Every structure is written in structure tokens, then in C-alpha cells.
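Here is what each chain is made of, one letter per residue.
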Amino acid sequence: MAEIVIRNTNERITGQENVREFLNAQEVVYEHWNMDKLPQDLQSNFSLSDDDKKKILDIYDEEIRDLAARRGYKIWDVITLSESTPNLEELLQKFEEVHTHTEDEIRAIVGGKGIFIIKGAGDIGYFNVELEPGDVISVPENTPHFFTLMDNKQIIAVRLFIEENGWVATPVPNPGLN
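Residues numbered from 1 in each chain as written. Predicted model: local features only at pLDDT ≥ 70, side-chain atom pairs only at ≥ 80, totals over all residues. Heavy atoms only, no water.

### Side note on the nonpolar core
Phase 1: I4, L23, F116, I118, F127, V129 and L131 are the most contacted members of the largest nonpolar core, which has 25 residues in total.
Phase 2: Apart from the residues within four sequence positions on either side, I4 is in contact with E11, R12, I13, V19, F22, L23, F127, N128 and V129.
Phase 3: Grouped together as the second largest cluster of nonpolar side chains are 21 residues, W33, F46, Y60 and A68 included. (Core = buried A, V, L, I, M, F, W, Y, C linked by side-chain atoms within 4.5 Å. Buried < 20%, exposed > 50% of the residue type's maximum accessible area, 1.4 Å probe, protein only. Contact = heavy atoms within 4.5 Å.)

### Examining the environment of F116
Phase 1: Structurally, F116 is set in strand β7 (residues 114-119).
Phase 2: A C-alpha to C-alpha distance of 8.9 Å links F116 and I137, two positions 21 residues apart in sequence.
Phase 3: When neighbours within four sequence positions are excluded, F116 is seen to be in contact with E105, R107, F127, N128, V129, L131, I137, V139, H145, F146 and F147. (Helix = DSSP H or I, 4+ residues; strand = E, 2+ residues; numbered from the N terminus.)

### Section: the UniProt feature "binding site: Ni(2+)" (unreviewed entry) in the protein chain
Phase 1: Those residues carrying the UniProt feature "binding site: Ni(2+)" (unreviewed entry) are H99, H101, E105 and H145 in this numbering. Across 47 residues, the annotated set stays spatially compact, with a maximum C-alpha separation of 11.1 Å.
Phase 2: Topologically, H99 is positioned in strand β5 (residues 99-100).
Phase 3: What H99 contacts, discounting residues up to four positions off in sequence, is E105, T143, P144, H145, F146, A169, T170, P171 and V172.
Phase 4: A polar side-chain atom of H99 sits 2.7 Å from the main-chain carbonyl oxygen of E97.
Phase 5: Take H145: it is sitting in strand β10 (residues 145-149).
Phase 6: Judged by relative accessible area, H145 falls into the buried class, the value being 1%.
Phase 7: Look past the residues within four positions of H145 in its chain and what remains in contact with it is E97, V98, H99, T100, H101, E105, F116, I117, I118 and V139.
Phase 8: In this structure the side chain of H145 is engaged in a polar contact, spanning 3.4 Å, whose partner is the side chain of H101. (UniProt positions renumbered as here; feature names shortened; annotations may be inferred. Polar contact = N/O pair within 3.5 Å; in protein donor to acceptor, adjacent residues only side chain to side chain.)

So, in C-alpha cells, the structure goes:
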């Protein structure tokens, strides 16, 4: 279950309803998928084959198509990152640059853990959304944010896109992450 840390106060928000309420106020979509549907070997294999990725997409086909119908997504894929990913540190440096997109950025975490750092409205400043398997989050378009991995550096996520070429990131200069 996701947890939130407001960076400028270190306030921690826990509990699914509290997290959902906070994120809704920030116009961030938060949902939860049933992880019991996914075999354990697919939740903990951070070097998935293309066939394994297809199995994940097939298992969550109903949830993916529901999101696509509600939010206009046209394509989706599975991404996996771990210490075995070539150039992982280089990829993380790219991911960890604050940026915006002209469409929302959505991830459904099905293995491992990750963190979205999102610019909140008003005086909230930036906040971390710590995600674990089952958490689905959509950062609104034009909202400064970035995504990174937690200390174990392992994640499997379903990504959905409106644009068929994927997200185009626009860097945010001097983001002031507090």
C-alpha cells in the first residue's frame, strides 16, 4: 500500500483511504490492483522475458482496458529494472530529473518498489509517493515530477500511454524539491 511523505515537513500519510484522499486533492489518480492474481514468480523476477511480460499484461488485461477506456490510453507495456539492467545508474539519473509531460504518467506496480516525487498544489511543495505491488498511480499532465527506485533497486511496472511514441519529458529548471 502506498505511503506519502511531504518533503518540507516530513509528515507521513499512511492508510489506503488517507493516501487516496490526499492524492485526490492533488488530482493524482490512485487505485489498487489485486496482486493475488499474479503468480509469485512473475512478481519477483526482475529479468522478465518478453513472454513473461505478455503474461503480466494478459493477467491484468481487464484492469488495463478499464483504465484505457476511462483515460484514453492507446498502448501499454511492462518495464522491469534491477541491478541486472544494463546502464541502470545512467537510466536512474535520467529518471531523477524533474520534468513534465503533455499527458499523464501512469504506472501500475506489480513487483518491487518505486517512488514518484510530485510537486503538490499550493504550499504543499514536493511529496514522495512510495509505491509497492498493487499500487496504480497517474501523475497529471504538466505536473512537475520524477520517478526513482527504492534502495533495493527493483521494480516491475505496467505503463500506459496516450501518445504512441510514449511520454516526452520537458525538464523543469531549478525545481526546488522542498
